[in-house]
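One letter stands for each residue in the lines below.
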Amino acid sequence: MHELGIVVNVIDEVEKVAEDNKVDKVLRLTMEIGEVSAIVPDLFSDCFEWAKKRTKHLTDCELELIVLEAVTYCQDCKGTYRTTKYGKTCPHCGSGNTYLLTGNEVTIKGISVAEPTSDNA
Ligand SMILES: [Zn+2]
């Protein structure tokens, strides 16, 4: 289950950002996951829920996953198409001279943090 390794890396990165910005709590983490990336979103969420309990700043963090559609580009007819439907072969001209444009991202898109709390609250 390599999702766990990726989750740990992501959490490390977010923890570091939180430390650097003197953030107490990260409330929401938004990530973009390409649909042909090595990540299974459900597994990723499960690993995240497990791993966040062991963190300093992410214990109340919600995970939002945005799944990005995979698109392949054909160098012969300059067309694009859905990767998950046609794979490496262009449905327009039948060429195999294609490459993935988008779809294997695993990117931290943004984080939301708690407002600094006041002692008078
Ligand atoms: Zn083509």
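Residues numbered from 1 in each chain as written. Predicted model: local features only at pLDDT ≥ 70, side-chain atom pairs only at ≥ 80, totals over all residues. Heavy atoms only, no water.

Engineer: Describe the pattern of salt bridges, naming the residues involved and giving the relevant values.
Structural biologist: All told, the structure shown has nine salt bridges when counted by the stated rule. Here Arg 82 ties to Glu 35 by a salt bridge, and the two come within 3.2 Å at their closest N and O atoms. Within this pair, whereas Arg 82 is found in strand S4 (residues 80-82), its partner Glu 35 is found in the loop between strand S1 (26-34) and helix H2 (41-52), the two being separated by 47 residues in sequence. By relative accessible area, Arg 82 is classed as partly exposed at 32%. Owing to a relative accessible area of 29%, Glu 35 belongs among the partly exposed residues under this scheme. (Salt bridge = Lys/Arg side-chain N within 4 Å of Asp/Glu carboxyl O. Helix = DSSP H or I, 4+ residues; strand = E, 2+ residues; numbered from the N terminus. Buried < 20%, exposed > 50% of the residue type's maximum accessible area, 1.4 Å probe, protein only.)

Engineer: I'd like a rundown of unusual backbone geometry, residues and numbers included.
Structural biologist: Of note, Lys 22 is a non-glycine position whose phi angle comes to about 50°, a positive value. In this fold, Lys 22 is placed in the loop between helix H1 (3-20) and S1. Although it is not a glycine, Lys 78 adopts a positive phi angle of roughly 60°. Among the residues examined, Lys 78 registers a relative accessible area of 56% and is labelled exposed.

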